[in-house]
Every structure is written in C-alpha cells, then in structure tokens.
Amino acid sequence: MLLALCLLLLAWLAPNTQELTGYVGPDGAYGRMEMTNRTQLHWRQTLRWGVAVGCLLALCFMSLSHVSEFLYFQF
Amino acid sequence: MGEITNPVASKMEGPSFDHEVTLPERPDRTSERRAESIFAAFDSADSANHAEWGFHWLRYCAVVAASVAVLLFAVAGINAFIDPFGIYRLWDIEGVNSYKPAIYHRVRLFKAYEVGRVQPQTIILGSSRSHLGFRCSHEALAHLDGPCYNLAFDGATTREMFEYLQHAHAIHPLKHVVLGLDAYHLIDATSFTRPDFDPLVLLQPHEFRAVRFVTGDLRLLTSFDTLRASIDTMEKQKEAQQNWFSPDGQRIGKIFFRQVEKNFLEFGPRAYFDEIDRLEVAFQTEGMAPRPGSQPAAAVVDPTQSNFAYIKRIVDFCVANKIDLRILITPAHAHQYEIARAVGASSSIENGKRRLVRLLSDVAGAHPEQPALSVWDFSGYSSITTEPLPPLGSRDEMRFYWDSSHFKEVVGDYVLDRLFSVFAAGQVVPQDFGVQLTLRSIEPALARERAEQEAYRVSHSEDVAHLRNLVNRAIGECSPAVFVRL
C-alpha cells in the first residue's frame, strides 16, 4: 500500500520524459505548449546523467529475466 | 510561459564531464530533423560543429555503456560469489553462503547445473517419487560405468524429462537411463512444463556451450531475482536446516521428513499421510466441478505434444544413441489408485499401460538389432502398495511409505533390484511386487490388478469409503459425463 502510494506520487508529481528532455516533438505535432517549468531536473549531456541513465538501463536489463520457483504440494 | 523553439540547445547546455560546455546547436535544424535520430547529424554534416556534437554524444554514450557494464559486472560478481542457486559452487563459506535455501524451490535449475558438474553416464528420470525413492549408491547402479545422478524432480512432466535427457546427454554421453513414470504420465493429455522449467539453461544436442553461457549463466547472474536470492541467502545463514539434497541428486527422505517437513514432524506420519490423500484428491479433481452455466469443453490434445509423444521421443532418443533404457511405473500406495478409480481415471491408466507396451513393442520391431525394451509395473496392489496405515493418532511411521504418493528408499531398492535383476544379500523382493509388461502379459496383468483391487476394496472398505467421500465432496455436483472424459 505504501509502495503504491509512493509510486502514485511519483507518477503525478515527478517530471515526465518530455519535461526532463525538453522534447516538444516535430513542429506542429503537439502544437505550441506551455512550459510549466515545475522542475529543475533537466536531462543534460553530463557525466552524472550518463551514469544515472546507465544505471537505469542496467536495472532494466536485470529485470528482463525472472528465476521462477516451484512448490509442488508443500515440498 | 513561453514558446519552446530550441529544445535541444536549451537542454544540452550545462556542465559537461569536466568543465562547463555549451554544446553546439545542430546546424540546419528543420522541423523534420528534430524528430530524427542523433546520428542524423553524421549523415549530412561535415562541419566542425557536427564533429564536436557527435563527439559529445559518443562520449555520453560511452559513459552510459560503462555504467551499465560496471553495474551488471558488480551484480554478476556478487551473485557468482554467493551463488544462491548452486550454479557454480565455487566458494561455500560457512556462515556466508554454504546454506542455500533457494535451491530447494528451484530444483530444476539446480539440477540442470549439477548435471554439468557430475557429468553422469547414468541418470534417473522421474517425478518426486523417483527423486525420493532411488539412490545411485544402489548396488545395481553403483556398478555401472561412470557416475550416476538422480535427475528426477518434483512434478516432472514427460516433456521436461525429455529436455533434461537431451541436456544430460549433450553434457556427457549417457549409457544408462532409468525412467520412472507415474500414473499421470500415462494419461493422454498434453504435456507441459512447470513454472521453474527454464529451457535456456539446458543444452540441446550439438549446441555450443557458449550459447548456454549467455542465455543461461549470464542472464541468471545479472538478474534481479538472483540478487534478491543472494541477499536472502546471506540473511538466512543462521537459520540453516539440514541439507536433504544428496550429492547424487536424491532427496534424502530420512532428513527431509524427520527433520525438515513441518507437518510430518508436528502432526505425525499418519496425519501427514491423510493430508497427502486430501491433496491428491484436490489435484485429481481440479477443474472437474463445472462452472455455473458453462458447458465443459472437450480436451484437445495435440498428438505431437502429448505425454506419449514425449515418452516416444525419450525412447527414440535412447534407441538412437544406444542408451540402455529401463522403464518402470512407480509404486504409489493403493490409496492413490483408489482415488484415481473414484475420479474415473482407472480405465485411462489401464489404456495408458497398454499404449506404452505397444509403443515399446513397435520400437523394438523397428530396431531388431537392439535389446528389447520393456516396462516394469510396480503400481497396483501388492504386499508393498497395500501396506496398512498406522492407527489414527499414532505417530508410528510406515515401513514402505512417507505418504500415499512417496515410497521409501527400501521400496526404491526393491524396484532397482527387479529392474536390474540384482539379488542383494538379505533383501528379498516380495514375489507379488512388480510385473514385467509385454504384449503377451499386459492383459492378464491388468485382469489380475482389477481382481486385486476388488479384494482390496473388500478388505479395506472403510479406507475406500473415506477416499470416495473425499472425492465426492471435492467434485460436488459434477456430472458423470465429466468423470468419464477426465
């Protein structure tokens, strides 16, 4: 429950990928948009961001496979 | 509020790796190009700006790649050291990783790698009954060439057995295979795999081991689940229980039931026996009770994926590779057959035995140069399988059974004695235990089994009535038509 609440807060309050990268799409695709500028967290081509993105990518790789367990009867 | 006119330039400026750098804006930025990949700049640009822009991107990508590699390498290192699934067994350090609770719920995975270490020339295939009942130190197996390994595991299906047979043979050519089949393997149903079956850790014939290293080892070593299991392994070192895994792959019943299995210890052998009866009823009647308003659908069995298709593959594989194959039908307690009869599966099991005998006869006919294949049937009603239960409330153990499904090692020894025609000193296999099924002997054997079943129903009428009650309660309003089809 607590985890779900945290994830909801993350989904509602954290910047989305467009805000992080400042991407507005090809001209005309989304029209003129208002930049709310609610976060100071902007992706930059820096060492810190490189490491952070690398770690996230590694976590994605680590989550790709699962090692299932099996209980037959109560064994 | 403001119009975003130059997003890339506005976001890419800022501190770089070691000094403040403002990246050059990509030239000729048209609206189409903004949606193109970062590599588009390399296609058309030859200016210094483009080169610098590309250099920064490459450097950034190198940092990302290095971060990925470092983190994955670190995780793989931790997992290889703790080794929660017993894949490598490089360092078993007391108090750190010597106790590996994770392997007990991932027996298929553990055994896939254990086969690689043992490199057996003799393997035992089968379900938990074979896993518990057969030891490689038995006189018949100990004298065969090369190491022996009990490759049976809980709930094994025929498809899984075939995959593990190929795997073991790919690791080291096999000479002998003991195949223990249960009644549910003989029912014409689609074979399947259990949740912990992982084909990517198994070697296929003529497959490069490097492929398995990537699909199996690397994948497991860099998995979150493995990392969690590593942490769990370290945390549980102080709760270490007796190891019930023998080095030859057998589940050691004496340790498992007398020291680990909580219900067996707490409630006693008789209560445990009854509990397994109830579980077996639930297992055999699963899905039999119709949902309200629904018509039961007919089971469709793909002939290439059926139990028998995989049994045939096992037989063909052994014949093609000149592997000595010994097949047996495992000796469950008579209660198991009474439950099967109560759910209407007796005729399916009989037909399964007939079909198995026919299959072996056909293969023998096609390969007259090879020794004839046969199957030993230890199921049914014998002085072993009809062993009386201890009185209710008693804590006495049975001589031959842990529960109605799992026989003890002494019974496994009897089976191996029969299978390999070994006559151990001081150990006489009961005369009525085990019958070799052939085209000629199958019908008299089945007729005898039916007669013995009737006799058992008379002599153990209370037991039989109790089991029938359990089944009736489990299936509720199930119609007779459903009984027959299942």
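Reading guide: rules and limits
Residues numbered from 1 in each chain as written. Chains lettered and ligands numbered in written order. Predicted model: local features only at pLDDT ≥ 70, side-chain atom pairs only at ≥ 80, totals over all residues. Heavy atoms only, no water. Helix = DSSP H or I, 4+ residues; strand = E, 2+ residues; numbered from the N terminus. Buried < 20%, exposed > 50% of the residue type's maximum accessible area, 1.4 Å probe, protein only. Areas by Shrake-Rupley, 256 points an atom, 1.4 Å probe, with all protein chains shown as cover. 1 Å grid on protein atoms, 1.4 Å probe; cavity = no way out; pocket = protein on both sides within 12 Å on 5 of 7 lines; lining within 4 Å. Points joined across faces, edges and corners; volume = space filled by probe spheres on them. Nonpolar A, V, L, I, M, F, W, Y, C, P; charged D, E, K, R; others polar. Axes fitted to C-alpha atoms, helices over the stretch in contact; angles between N-to-C directions. Parallel < 35°, antiparallel > 145°, perpendicular 65-115°, else oblique. Left-handed = near helix turned anticlockwise from the far one by under 90°. Contact = heavy atoms within 4.5 Å. Phe/Tyr/Trp six-rings, centres within 6.5 Å; stacked < 30°, edge-to-face > 60°. Lys NZ or Arg CZ within 6 Å of the ring centre and 35° of its normal. Expected span 1.5 Å × (residues − 1). Disulfide = S-S within 2.5 Å. Lys, Arg positive; Asp, Glu negative; His and termini not counted. Salt bridge = Lys/Arg side-chain N within 4 Å of Asp/Glu carboxyl O. Polar contact = N/O pair within 3.5 Å; in protein donor to acceptor, adjacent residues only side chain to side chain.

**Q** Would you take a moment to explain the overall build of chain A for this structure?
**A** Looking only at helices and strands, chain A has 3 helices and 0 strands in total. When the helices and strands of chain A are placed in sequence order, the string is α-α-α. Out of the 75 residues in chain A, the part that is buried amounts to 27%. Put simply, chain A shows about 5,300 Å² of open surface, and 68% of that area lies on carbon and sulfur atoms.

**Q** What is the right way to look at the layout of surface pockets in this model?
**A** Space left empty within the atom packing is revealed by a probe, the size of a water molecule, rolled over the atoms. Residues and elements named next belong to chain B. Of the volumes computed, that of the second largest pocket is approximately 600 Å³. In this structure, the second largest pocket is lined by 26 residues; those nearest its centre are Tyr-99, Pro-101, Tyr-104, His-105 and Gln-241. The set of elements that each furnish at least two residues to the lining of the second largest pocket consists of helix H10 (224-235), helix H11 (253-260) and helix H12 (262-285). Split into classes, the residues belonging to the lining of the second largest pocket amount to 12 nonpolar, 5 polar and 9 charged.

**Q** Even after reading the chapter, I still don't get the packing of helix H13 (residues 307-320) of chain B against helix H15 (residues 346-366) of chain B, so can you show me in this structure?
**A** The relative placement of two packed helices comes down to the angle between their axes together with the axis-to-axis distance. Residues and elements named next belong to chain B. One way to put it is that H13 packs onto H15 with a least axis distance of 11 Å and a crossing angle of 30 degrees. In terms of orientation, H13 lies roughly parallel with respect to H15. H13 and H15 meet at a crossing whose hand is right-handed. Packed against H13, whose contacting residues are Phe-308, Ile-311, Lys-312, Val-315, Asp-316 and Val-319, the element H15 presents Gly-352, Arg-355, Leu-356, Leu-359, Leu-360 and Val-363 at the interface. Here the residues of the contact of H13 with H15 sort into 8 nonpolar, 1 polar and 3 charged.

**Q** Would you take a moment to explain the packing of helix H3 (residues 47-64) of chain A against helix H4 (residues 48-82) of chain B for this structure?
**A** Where H3(A) contacts H4(B), the two axes come as close as 7 Å, and the packing angle between them is 45 degrees. In terms of axis orientation, H3(A) runs oblique to H4(B). In the packing of H3(A) onto H4(B), the handedness of the crossing is right-handed. For the pair H3(A) and H4(B), contact is made by A:Leu47, A:Trp49, A:Gly50, A:Val51, A:Val53, A:Gly54, A:Cys55, A:Leu57, A:Ala58, A:Leu59, A:Phe61 and A:Met62 and by B:Tyr60, B:Val63, B:Val64, B:Ser67, B:Val68, B:Leu71, B:Leu72 and B:Val75, respectively. Considering only residue class, the contact of H3(A) with H4(B) consists of 17 nonpolar, 3 polar and no charged.

**Q** Please explain the packing of aromatic side chains as it appears in this structure.
**A** Given two aromatic rings, their pairing is described by the distance between the two centres and the angle made by the two planes. Residues and elements named next belong to chain B. As enumerated under the stated definition, the model contains 28 aromatic pairs over all chains in all. Relative to Tyr-164, the ring of Phe-153 has its centre 4.9 Å away and its plane inclined at 65 degrees; by these criteria the two rings are edge-to-face. Of this pair, Phe-153 sits in the loop between strand E4 (148-150) and helix H8 (158-171) while Tyr-164 sits in helix H8, and the two are 11 residues apart along the sequence. Assessed through its relative accessible area of 1%, Phe-153 is described here as buried. An aromatic cluster is built from Tyr-104, Phe-110, Trp-244, Phe-245, Phe-256, Phe-257, Phe-264, Tyr-272 and Trp-402, whose rings are joined through pairwise contacts. When the ring centre of Trp-402 is taken as origin, the NZ or CZ atom of Lys-408, which lies over that ring, is 4.4 Å away.

**Q** It is not clear to me how H13(B) should be interpreted in this structure. Could you clarify?
**A** Given 3.6 residues per turn, any residue in an α-helix points the same way as the ones three and four places further on. Residues and elements named next belong to chain B. Relative to the 20 Å expected for 14 residues at 1.5 Å per residue, H13 spans 20 Å between its end C-alpha atoms, a close match to the ideal helical length. Summarising burial for H13: 10 of the 14 residues are buried, a large majority. All buried positions along H13 are accounted for by Asn-307, Phe-308, Ala-309, Tyr-310, Ile-311, Ile-314, Val-315, Phe-317, Cys-318 and Val-319. The secondary structure elements touched by the buried residues of H13 are H8, strand E5 (176-181), strand E6 (324-329) and H15. Of the residues one or two after H13, Lys-322 is the one with positive phi, at around 55 degrees.

**Q** When you look at the state of the cysteines in this model, what are you seeing that I'm missing?
**A** Between two cysteines, a covalent bond joining their sulfur atoms is known as a disulfide. Residues and elements named next belong to chain B. Scanning the model with the defined rule gives 1 disulfide over all chains in all. The disulfide partner of Cys-136 is Cys-148, and the gap between their sulfur atoms is 2.1 Å. Between Cys-136 and Cys-148, the S-S torsion sits near -60 degrees, and that sign places the bridge as left-handed. With Cys-136 in the loop between helix H6 (128-133) and helix H7 (139-142) and Cys-148 in strand E4, the pair connects residues that are 12 residues apart, well separated along the chain. Each member of the pair, Cys-136 as well as Cys-148, carries the same accessibility label: buried.

**Q** It is not clear to me how unusual backbone geometry should be interpreted in this structure. Could you clarify?
**A** Among all residues save glycine, negative phi is the norm, and among peptide bonds the norm is trans. Residue and element names in this part refer to chain B. The backbone of Gln-119 sits at a positive phi, close to 50 degrees, despite the residue not being glycine. Inspection of the secondary structure assignment puts Gln-119 in the loop between helix H5 (107-118) and strand E3 (122-125). Take Gln-119: its relative accessible area is 30%, and that puts it in the partly exposed class. The backbone of Lys-322 sits at a positive phi, close to 55 degrees, despite the residue not being glycine. Along the chain, Lys-322 turns up in the loop between H13 and E6. By relative accessible area, Lys-322 is classed as exposed at 65%.

**Q** For this particular structure, what's the right way to read the side chain of B:Asp83?
**A** Residues and elements named next belong to chain B. With respect to the helices and strands, the residue Asp-83 is situated in the loop between H4 and H5. Nearest to the buried, unbridged Asp-83 among oppositely charged side chains is Lys-100, at 4.5 Å. Within polar-contact distance, the side chain of Asp-83 engages the backbone nitrogen of Arg-89 at 2.6 Å. Filtering out sequence-adjacent residues up to four positions away, Asp-83 remains in contact with Ile-78, Tyr-88, Arg-89, Leu-90 and Lys-100.

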